[in-house]
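If you want the building blocks of each chain, they are given just below.
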Amino acid sequence: MTDLDQLTQALARNLKHWRAERGYTLDALAARAGVSRGMIIQIEQARTNPSVGTTVKIADALGVSITTLLDYEQGPQVRIVAPGEAVRMWSTEAGSHTLLLVGGQAPGPFEMWDWRLMPGDESTSDQHLPGTVELLHVRSGTLTLLVDGTPHEVVAGASATFEAKVPHGYRNDGAEPVEMTMAVIIPAAR
């Protein structure tokens, strides 16, 4: 079984589990997530590998971290992610990429990411659930943080935080790669 097959199976199993745990019908989850009922069915039957955006919308609607939806194994008290085992969620031909480093569930979903943005690259995101907070620290380069269409320059050594309930994105307008660490805190499902 390939890594992608394993990821697809884990996503199917975990989506079914969390949808049942929350008591959501297919239609209810589709409406909460803004994703079609058919897409949720395909994911639960492990017949598709959804985009990062779709996976994030479903995780947000369920009130769980993306890590929880993609977790191969359930329930360990301590989870160590060895080098090379972080999940690559986004990449470009230029070499930009994101790695989901680790995530947790208490008191709500919490994720930590490693980002590399090559010059000229950009990654955008739809709004998340109200109460979702992103924190980031730029290790090298200069990041252009876009929050609801407004650019903010974050230089190497600086950090930023914002409530991610509006569209947002990350762009490298500079000449050197941007490397940053980001944490995402998602409110617990109500």
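Going by the structure above, here's the rest.
Presented here is a report on the structure given in the accompanying data block. (Residues numbered from 1 in each chain as written. Predicted model: local features only at pLDDT ≥ 70, side-chain atom pairs only at ≥ 80, totals over all residues. Heavy atoms only, no water.)

### Side note on the overall build of the protein chain
Then, number 1: If you tally the helices and strands in the protein chain, you get 5 helices and 10 strands.
Then, number 2: In the protein chain, buried positions account for 42% of the 190 residues.
Then, number 3: Within the protein chain, counting contacts between residues at least 6 apart in sequence, those at least 24 apart form 64% of the total.
Then, number 4: When the accessible area of the protein chain is evaluated, it comes to approximately 9800 Å², of which 52% is carbon and sulfur surface. (Helix = DSSP H or I, 4+ residues; strand = E, 2+ residues; numbered from the N terminus. Buried < 20%, exposed > 50% of the residue type's maximum accessible area, 1.4 Å probe, protein only. Contact = heavy atoms within 4.5 Å. Areas by Shrake-Rupley, 256 points an atom, 1.4 Å probe, with all protein chains shown as cover.)

### Digging into the environment of Gly84
Then, number 1: Within the secondary structure layout, Gly84 lies in the loop between helix H5 (66-70) and strand S1 (87-91).
Then, number 2: Along the backbone, Gly84 and Leu99 are 15 residues apart, and their C-alpha atoms lie at a distance of 9.8 Å.

### A word on the side chain of Glu44
Then, number 1: Its place among the elements puts Glu44 in helix H3 (residues 37-44).
Then, number 2: Glu44 gets classed as buried once you look at its relative accessible area, which sits at 9%.
Then, number 3: Here the side chain of Glu44 touches Arg19 through a polar contact of 2.6 Å, side chain to side chain.
Then, number 4: Not counting the four nearest positions on each side in its chain, Glu44 is found in contact with Ala12, Leu15, Lys16, Arg19 and Leu26. (Polar contact = N/O pair within 3.5 Å; in protein donor to acceptor, adjacent residues only side chain to side chain.)

### Side note on a nonpolar patch on the surface
Then, number 1: A cluster of nonpolar side chains, contributed by Phe110, Leu135 and Ile185, occupies part of the molecular surface with about 230 Å² of accessible area.
Then, number 2: Looking at the element boundaries, Phe110 is found in strand S3 (residues 110-117). (Patch = residues over 30% accessible without salt bridge, like charges linked within 9 Å, V, L, I, M, F, W, Y side chains within 5 Å. Salt bridge = Lys/Arg side-chain N within 4 Å of Asp/Glu carboxyl O.)

### A few points about the nonpolar core
Then, number 1: Membership of the largest hydrophobic core comes to 41 residues, with the highest contact counts inside it found for Ile58, Leu62, Leu136, Leu143, Leu145 and Tyr170.
Then, number 2: Leu136 has contacts with Leu143, Leu145, Val154, Ala158, Ser159, Ala160, Phe162, Tyr170, Met180, Thr181 and Met182, leaving out every residue within four places of it along the chain. (Core = buried A, V, L, I, M, F, W, Y, C linked by side-chain atoms within 4.5 Å.)

### Examining the sheet that holds strand S4 (residues 122-125)
Then, number 1: Here we have 4 strands laid out as an open sheet, ordered S4-S9-S6-S7, and antiparallel in their pairing. Every other strand in the sheet has two partners, leaving S4 and strand S7 (150-155) as the edge strands with one partner each. Strand after strand, the sheet turns through a mean of 20° between neighbouring axes, direction not considered.
Then, number 2: The pairing of strand S6 (residues 142-147) with S7 spans 6 bridges and is classified as antiparallel. Looking at S7, one finds that Leu143 is bridged to Val154. (Pairing = 2+ DSSP bridges. Axes fitted to C-alpha atoms, helices over the stretch in contact; angles between N-to-C directions.)

### Section: the packing of aromatic side chains
Then, number 1: Enumeration over the complete set of coordinates arrives at 2 aromatic pairs.
Then, number 2: An angle of 40° between the planes, with centres 5.9 Å apart, marks the rings of Trp90 and Trp115 as tilted. Here the residue Trp90 occupies a position in strand S1, and Trp115 occupies one in strand S3, the gap between them amounting to 25 residues.
Then, number 3: When the ring of Trp115 is compared with that of Tyr170, the centres are 4.7 Å apart and the planes differ by 55°; the resulting orientation is tilted. In this pair, Trp115 sits in strand S3 while Tyr170 sits in strand S9 (residues 168-171), placing the two residues 55 residues apart along the sequence. Considered together, Trp115 and Tyr170 belong to a single accessibility category, that of buried residues.
Then, number 4: Through a chain of ring-to-ring contacts, three or more aromatic side chains come together here, namely Trp90, Trp115 and Tyr170. (Phe/Tyr/Trp six-rings, centres within 6.5 Å; stacked < 30°, edge-to-face > 60°.)

### Considering the environment of Ala94
Then, number 1: Looking at where Ala94 falls in the secondary structure, it is placed in the loop between S1 and strand S2 (97-104).
Then, number 2: Looking at Ala94, the relative accessible area reads 47%, which means it is partly exposed.
Then, number 3: For Ala94 and Gly120, which are 26 residues apart along the polypeptide, the C-alpha to C-alpha distance reads 9.0 Å.
Then, number 4: In this view, Ala94 contacts Met118 and Asp121; residues no more than four positions away in its chain are not counted.

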